[in-house]
Amino acid sequence: MPAVGLSVESDLLRLVSFEKKHGRTVLKTASEFKLESGTIVAGDVAKPDNLAVVLKNIRNEHGARFARVALPEEKAYVYEAIIPVPEDGEMSDAVEFSLDQNIPLSADEVVFDFAVVEGPFSNNSVQSARVVVSAYPKGIIETWVGLLGQAGITPFSLTPESQAIAHSLVVHTDARPSLLVHFLKDKTIVAIVSGGFVRFSTTVSGGSAGGLENTEKILASHEGEKISESIELLSVRDEVKKVFSYWMSKEEIKSRKEPRSIGSVIVTGHIADMIDVAEYLGKHIGVPAILGNVWQNAFSLDKFIPEIEFEDSLCLAAAVGVALPE
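Calculation notes
- Residues numbered from 1 in each chain as written.
- Predicted model: local features only at pLDDT ≥ 70, side-chain atom pairs only at ≥ 80, totals over all residues.
- Heavy atoms only, no water.
- Helix = DSSP H or I, 4+ residues; strand = E, 2+ residues; numbered from the N terminus.
- Buried < 20%, exposed > 50% of the residue type's maximum accessible area, 1.4 Å probe, protein only.
- Contact = heavy atoms within 4.5 Å.
- Areas by Shrake-Rupley, 256 points an atom, 1.4 Å probe, with all protein chains shown as cover.
- Core = buried A, V, L, I, M, F, W, Y, C linked by side-chain atoms within 4.5 Å.
- Salt bridge = Lys/Arg side-chain N within 4 Å of Asp/Glu carboxyl O.

**Q** Pulling in residues and values, what's your account of the overall build of the protein chain?
**A** A count of helical and extended segments in the protein chain gives eight helices and 15 strands. When each of the 326 residues of the protein chain is scored for burial, the buried share is 49%. For the protein chain, contacts bridging at least 24 residues in sequence account for 63% of all contacts bridging at least 6. Carbon together with sulfur atoms contributes 49% to the accessible area of the protein chain, which is approximately 15300 Å² in total.

**Q** Give a detailed account of the nonpolar core, specifying residues and quantitative values.
**A** Counting 58 residues, the largest nonpolar core has Leu13, Phe18, Leu51, Leu55, Ile58 and Trp144 as its most contacted members. Looking at which element gives the most residues to this core, the answer is helix 8 (residues 317-323), with six residues. Once residues within four sequence positions are removed from consideration, phenylalanine 18 is found in contact with Thr25, Val26, Leu27, Lys28, Trp295, Ala298, Phe299, Val320, Ala323, Leu324 and Pro325. If you look at the next biggest cluster of nonpolar residues, it comprises 24 residues, including Val204, Val240, Trp247 and Met274.

**Q** Tell me about the environment of glutamate 96, and name the residues and values.
**A** Assignment of secondary structure puts glutamate 96 in helix 2 (residues 92-102). Judged by relative accessible area, which is 34%, glutamate 96 ranks as partly exposed. Taking the C-alpha atoms as reference points, glutamate 96 and alanine 107, 11 residues apart in sequence, are found 6.2 Å from one another. For glutamate 96, the residues in contact, after removing those within four places along its chain, are Ala107 and Phe112.

**Q** Tell me about the pattern of salt bridges, residues and numbers included.
**A** Tallied over the entire structure, the rule returns 14 salt bridges. Two residues, aspartate 11 and lysine 185, come together in a salt bridge whose shortest N-O distance is 2.9 Å. One end of the pair, aspartate 11, is in the loop between strand 1 (4-8) and strand 2 (12-21); the other, lysine 185, is in the loop between strand 11 (178-183) and strand 12 (187-194), with 174 residues separating them in the sequence. Lysine 185 gets classed as partly exposed once you look at its relative accessible area, which sits at 39%. As a salt-bridge pair, lysine 187 and glutamate 161 come within 2.9 Å of each other at their nearest N and O atoms. Of this pair, lysine 187 sits in strand 12 while glutamate 161 sits in helix 4 (residues 161-169), and the two are 26 residues apart along the sequence. Judged by relative accessible area, which is 5%, lysine 187 ranks as buried. Note on glutamate 161: relative accessible area 2%, which makes it buried. Several salt bridges share partner residues, and in doing so they unite Glu9, Arg14, Glu32 and Lys34 into one network.

Read these as geometric descriptors, not functional statements.
Written out as structure tokens, the structure is:
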């Protein structure tokens, strides 16, 4: 039975599922389940009993026996590392050793996964590989596995929010890096995706409910339109510029065969003046900006049009990403 995709926000869970019709993947369900205020706080499950009730409702209403879950980005550690390739080819121990050098928790305190994105290659005469590692504190994983189990739902995977978003927005064969900006009510996720994997991610506190729609000052003009340049939007803009600069300076010292410069900014989530904000961010780093197509890797809109407005679909990026058939 296919797994549903669940994404976690501060005030709700989003559910997406797909099905096959006439040999094609189509959208089956896109739903949201409200959470009591304070259930999720800064990525932590603060009220597990309340979350358990909602998960049981999902199990009962949608018959969801299996799920892939996009976990809050605030608690994720995502990094790149070059590690030596052991003679037997088993790299888990080498990746585990890299944890202490890249995150503030020990290997005993986290659950991690990794993917090889390049290699093997010679690095100072040592056969090595480039890996992308994602890790969560053990307590976070145990909490979610336990609550899903109580609801009768078996988790197939627990994925960082940024990787789920990338999975829905970026064509898997596109090697050129993209910069993703995903607006949520309490935060904004900024991530670099290359070769289908998130290579770097960060979060900016304050999202659409944190003031992006509250005007602090008005730009004189932006492509003939006026948009609000709030304190929160300025913070996002500055973070986007920092991430862009970090990536470009980082790649200048590497000798790589694949395209490395960022080709586009892809914006999703929900804020007012979405198109103008996307163009505004792109203008400040000199890269074309577009609104994301969350159905990119699910189906062609020429062949199937889901019964959901485009603007509403932009909030579903993470849920779509984990719901997509692997």
